[in-house]
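Residue-level listing of the chains:
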Amino acid sequence: MFVLSSSTEDQLIAETARRLALGPVDQAAREVDRTGVIAEGLWRRLRDFGFTAPVAEHLGGTPNAVTQLRAVENLAYGDPGIVGTAVLAGGSTLIIDAAGTGEQRNRWLAGVADGARPAPAPALYERHGLPPEEYGTTITAEGDGWRVRGTKYAVALLDGVTELLVVGVDPRGGLRAAVVGLDREGVDTKRVSGTSHIALSAARLSRVHLDVLVAADDLLGGVDADARSLAFAVARTRLLAPAVALGGANRAREYATKYATERIAFGRPIFDFQGISFTLVDDQMRLDAARLGLLSVANGLDQGREKALADVGRIVNETHAAATEATRNAIQVLGGHGFLTDHPTELWYRAAALLSTLDADPYFASFAPAV
Amino acid sequence: MTLAFEFSPELQRYERELKEWSVARIRPHARQADTDHRPPANYREIFETCPVKISKHVAKGRDNDLPKFPDGELMRVMAQYEGLNYGDTWAQSYVSGGIGHVVVSLLGTPEQIDRWYEPVVRGGGVTGFGLSEPGAGSDTSGLVTRAVRDGDSWVINGSKIFCSHAASAEYVVAFAVTDPEKGIASAEAFVIERGTPGLVILKENEDKLGLRAWETTQIGLEDCVVPLGNRLGHDPSAGANGAGGARLSALSVLNQNRPNVSALSTTVAQAALDLTGELLHEQRLGFRADRWSLIQRELEGMAAALTRNRHLNRYAQWMRQHDLQNRVEASMAKAFGPPTSERVVRRCMQLLGPEGTSTELLLEKWYRDLKILDIFEGTGQIQRVIVAKDFAKKARG
């Protein structure tokens, strides 16, 4: 049976997210981009909302991937830069909650939901769009401990954080994760201050080199961890960046449409010209298809379907392709005005570009000329 | 007959020398120029080190000191665009020097050309041009800036946006309607010299996504009084003659720069692709064989796309070089090249991963720079309208 209706609870969550998006998130967007700082009040509201750094439902977090995706997309409608920062910084809670032991959840998540302490910073992404099972980071038994060796990219918000959650592979190719103290010998973080990337300036993305020995109880789930639970949690986390991109791209499409219906040229609104309106319609078709694909995969993950795991890479890349194109077309519709910081279109264009680089697997996307 | 799709060996050497110099002397200033929103203070000294002579203006046949190539001067200009901008885009703003004086050369009387064009060409000054207004971009019929004859003067009121170089220009050439009832048909061009009372710089340089070192100025014209002789084109003692539409049409010559804009986008994308290729080759040991094969295919696909850009750009330019009507071909080159160049840079960033968007590299800057090239000098949509109208005209006989 084909069902896409939302529960009342999901609708309420989505509406709350949209209100936050159009209120404090939208209002802070330009300032956050300029200063690279998300004010504590806004940060608290995002944390309290519970969907950017989710923990188990009984701790006030999100019950499933579908609900979370809807919430994150609606939130990113306000600003993909701010919400992208929150999502990149918050991803470890979900993984620890899903794959950690009870003792580990207490150790690493206690006090996180109420802001008393930060969760370990998630260190997932590597270069060249490698999927988790091909990560170059290895977690290997060595003596009484485990050696974590590799390089991670786009690690967000290290300031104030004391630990990293590192996802890698063991010698058999299975996923492993370990929590590593940032002050441990063998952890080299290349921190970059200020606006160091094209967007998400508040995330202060870092590159982290690791060659460090950790204890067995720092392995997520312990030595006999359930790799499948970890794989599902990591997969769910990978869907968040495209959900953010989707939210920003939808906003860009709507913004450009409004502009086009108001801007008069050659005696009529420019939306009346098919070169404008069809472009926007094409964008929305791609975005809707991407959203349904994301929700389908998220739903599969919620159901524990293996196929959903295999589908993550493709839908992530398709969504980013749709979002990057929609945000560039939004600028195009505004013409020279869209190129100015007077309008937010350029913010969304930059954010979509950065998010698209996190997980760009050439197996699922290839270069295509524009014409 | 054998066809040739490359520049002559001499022109290839010229372009190569320019590229190498641009990488060595222009590129190191790219990040700072982007941050400062202006070229480096010593840009004139930098240009003095250029090993080949380059033109500051694109007006055909004006500079006899430039090297001659069998390909022709306009092909040299395209080679200059490709060579110079390979290092970075900031240098182009210095080289272009604005187009106000070019408009003078197109619309001015011989006396006006002697007064406002020749000194700029000889001395290398900067001039501004004001056509777009807040409510009038691609469609100039919406111009509302007004010029009113008052005895021996014109009094101009209105505002202009997207005026390249206007804040530092010796003068701005601004269009204004002289008869609201006739609208755009009464538009005239006026030379407004720096310091003229009523010429107000509202915003020296817009905050832009990219091309930040290119000065993009907003000006206000508040009871700005200029002598009759500052109206371009005809007897300063006569009134407006209602030939404004024709005057704007004369500006279509400026559109002939469109293939060069596409060439600019293409060479920046080529720079991004070359840099990405180098970085990926350095990282090759980290790739599995099947993944490396994919990467190679991506790089080859992008290189082929840029070659297609170049073919269209050079074809359109070659037509103009041989005095063939190239309006359609110029529009096609302009519509075709920039959006694909933009995609090449985006794909390069994606292949490198998150660090591809880091400010440690220039890819993210070039991605921001390129976006406007599908917009200024006519959006991709406007170019398609031009081409489509031509198709229809021919189809209908």
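Everything discussed here concerns the structure shown above.
Note that this is a predicted model, so its numbers are computed, not measured.

Caption draft 1: View of the pattern of salt bridges. Inspection of the entire model under this criterion finds 51 salt bridges over all chains. Asp 170 of chain A serves as the salt-bridge partner of Arg 176 of chain A, at 3.6 Å between the closest nitrogen and oxygen. Across the salt bridge formed by Glu 262 of chain A and Lys 258 of chain A, the nearest N and O atoms sit 2.6 Å from each other. Taken together, the residues Glu 262 of chain A and Lys 258 of chain A, both in helix H7 (residues 240-262) and 4 residues apart, mark about one turn of the helix. Of the residues examined, Lys 258 of chain A reaches a relative accessible area of 51% and is grouped as exposed. Several salt bridges share partner residues, and in doing so they unite Glu 134 and Asp 361 of chain A together with Arg 288, Asp 290 and Arg 291 of chain B into one network.

Caption draft 2: Expanded view of the packing of aromatic side chains. In this structure the tally under the stated criterion is 14 aromatic pairs over all chains. Between Phe 49 of chain A and Phe 51 of chain A, the aromatic rings sit 4.8 Å apart at their centres with planes inclined by 50 degrees, giving tilted as the arrangement. Its relative accessible area of 13% is what places Phe 49 of chain A among the buried residues. Under the relative-accessibility criterion, Phe 51 of chain A is labelled buried at 6%. Measuring from centroid to centroid gives 5.5 Å for Tyr 255 of chain A and Trp 348 of chain A, while their planes differ by 85 degrees, and the two rings are edge-to-face. Of this pair, Tyr 255 of chain A sits in helix H7 while Trp 348 of chain A sits in helix H10 (residues 345-356); the two residues are 93 residues apart in sequence, bridging distant segments of the chain. Look at Tyr 255 of chain A and you get partly exposed, because its relative accessible area is 26%. Three or more aromatic residues link up through ring pairs in this structure, and these residues are Trp 21, Tyr 43, Phe 47, Trp 90 and Tyr 94 of chain B. The ring of Tyr 135 of chain A carries Lys 152 of chain A above its face, with NZ or CZ at 3.7 Å from the centroid. Positioned over the ring face of Tyr 86 of chain B is Arg 27 of chain B, at 5.4 Å from the centre of the ring.

Caption draft 3: Fine view of the interface of chain A and chain B. Opposite the 52 residues of chain A that make contact, chain B presents 61 residues. Across the chain A/chain B interface, buried area totals approximately 4900 Å², and carbon plus sulfur atoms make up 58% of it. Per-residue buried area on chain A facing chain B is highest for His 128, Phe 339 and Phe 367 of chain A; these three make up 17% of the total on that side. The partner of Arg 328 of chain A in a salt bridge is Glu 342 of chain B, and the shortest N-O contact between them spans 2.9 Å. Counting the contacts that link chain A with chain B gives 26 residue pairs in polar contact (both at pLDDT 80 or more). Of all elements in the fold, only strand S3 (145-155), strand S8 (264-265), helix H8 (274-302), helix H9 (306-334) and H10 of chain A reach the threshold of two or more residues within the side of chain A that touches chain B. With 6 residues, the top contributor of residues to the side of chain A that touches chain B is H10 of chain A.

Caption draft 4: Structural context of a nonpolar patch on the surface. Residues and elements named next belong to chain A. On the surface, Phe 2, Leu 4 and Leu 292 cluster together into a nonpolar patch covering about 360 Å² of accessible area. As for its placement among the helices and strands, Leu 292 is situated in helix H8. Since its relative accessible area comes to 43%, Leu 292 is described here as partly exposed.

Caption draft 5: Focus on helix H2 (residues 40-49) of chain A. Residues and elements named next belong to chain A. All of the buried residues in H2 are Leu 42, Leu 46 and Phe 49. Here the buried residues of H2 occupy an arc of 60 degrees about the axis, which is enough to place them on one side. The positive-phi residue at the C-terminal boundary of H2 is Gly 50, with phi of around 85 degrees.

Quick notes on the rules
Residues numbered from 1 in each chain as written. Chains lettered and ligands numbered in written order. Predicted model: local features only at pLDDT ≥ 70, side-chain atom pairs only at ≥ 80, totals over all residues. Heavy atoms only, no water. Salt bridge = Lys/Arg side-chain N within 4 Å of Asp/Glu carboxyl O. Helix = DSSP H or I, 4+ residues; strand = E, 2+ residues; numbered from the N terminus. Buried < 20%, exposed > 50% of the residue type's maximum accessible area, 1.4 Å probe, protein only. Phe/Tyr/Trp six-rings, centres within 6.5 Å; stacked < 30°, edge-to-face > 60°. Lys NZ or Arg CZ within 6 Å of the ring centre and 35° of its normal. Contact = heavy atoms within 4.5 Å. Buried area = accessible area lost by both parts, 1.4 Å probe. Polar contact = N/O pair within 3.5 Å; in protein donor to acceptor, adjacent residues only side chain to side chain. Patch = residues over 30% accessible without salt bridge, like charges linked within 9 Å, V, L, I, M, F, W, Y side chains within 5 Å. Areas by Shrake-Rupley, 256 points an atom, 1.4 Å probe, with all protein chains shown as cover. Arc of directions from axis to C-beta.

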